[in-house]
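# What the coordinates show
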Amino acid sequence: MARSSSGIVAGLTIAALAAVGFLGYQASATAPARPAKAAPPSPAPAPNRPAPVPNQGKAVALPAESGTGARVVYSVGLKRVWLVGEAGQEPRSFPVMPSTAHPKPGTYLVNSRSNSVTGSDGVPIEHVVRFATADGVVVGFSARVDGQLPEPDPAKKTGGIRMTRADGDAMWAFATINSKVVVVP
């Protein structure tokens, strides 16, 4: 009985291979000699397209009168942050999306941090570094978990100065409690 079972299995295997070979031949015989070029995929619409962030990817000089020593420099007008480390190191700089509440120019200290919370605009955020209060709103740097950088709603008072998640990681590592933050116009 064992011989007949193995013979049946061998026969079925050969039949299956023959069918696959025939189907492969048939497909190649009906395929065009030169496949037509596929049209490039159309981009999917972005429902919440983030507003463009000024100075994206461009080197921007550290503002004059922005203090000395290790510090975070935030320019409200340039919508940009610099992480200034030890003397001689090139500062890391990146664009940000300002909040609707702006701190006055001056020197502040990081007074609290949260790894992950919901922002004052109701959006999940991470790497929150708080340093000031403006117009009764707590102001700090943060990154949206979804990675977007939309313009804030001007009708709402919010204090989140938003950045990309990668820049938020850098801010989190750099700006610990009592780190200096210098705000310039």
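Since this is a predicted model, take the numbers as computed values, not measurements.

## With respect to the sheet that holds strand E6 (residues 124-134)
If you walk across this open sheet you meet the 4 strands as E5-E6-E7-E8, and the pairing is mixed. For this open sheet the edge positions go to strand E5 (112-118) and strand E8 (160-163), each flanked by a neighbour on one side alone. Neighbouring strand axes in the sheet, compared pairwise and without regard to direction, differ in orientation by 30 degrees on average. Pairing analysis gives 7 bridges linking E6 to strand E7 (residues 137-144), with the strands arranged antiparallel. Paired with isoleucine 125 across the strands is arginine 144, a residue of E7. In the packing of helix H2 (residues 165-174) onto the sheet, the strands contacted are E5, E6, E7 and E8, and the crossing angle to E6 comes to about 60 degrees.

## Looking at the nonpolar core
Core analysis: the largest hydrophobic core is formed by 25 residues, its most contacted members being Val72, Tyr74, Val81, Phe131, Phe141, Met171 and Val181. For this core, the elements supplying multiple residues, two or more each, are strand E1 (71-75), strand E2 (80-84), E6, E7, E8, H2 and strand E9 (180-184). Setting aside its immediate chain neighbours within four residues, valine 81 contacts Val72, Val73, Tyr74, Arg92, Ser93, Phe94, Val96, Phe141 and Met171. Core analysis: the next-biggest nonpolar cluster, separate from the first, contains 5 residues, Val73, Trp82, Val84 and Val182 among them.

Calculation rules
- Residues numbered from 1 in each chain as written.
- Predicted model: local features only at pLDDT ≥ 70, side-chain atom pairs only at ≥ 80, totals over all residues.
- Heavy atoms only, no water.
- Pairing = 2+ DSSP bridges.
- Helix = DSSP H or I, 4+ residues; strand = E, 2+ residues; numbered from the N terminus.
- Axes fitted to C-alpha atoms, helices over the stretch in contact; angles between N-to-C directions.
- Contact = heavy atoms within 4.5 Å.
- Core = buried A, V, L, I, M, F, W, Y, C linked by side-chain atoms within 4.5 Å.
- Buried < 20%, exposed > 50% of the residue type's maximum accessible area, 1.4 Å probe, protein only.

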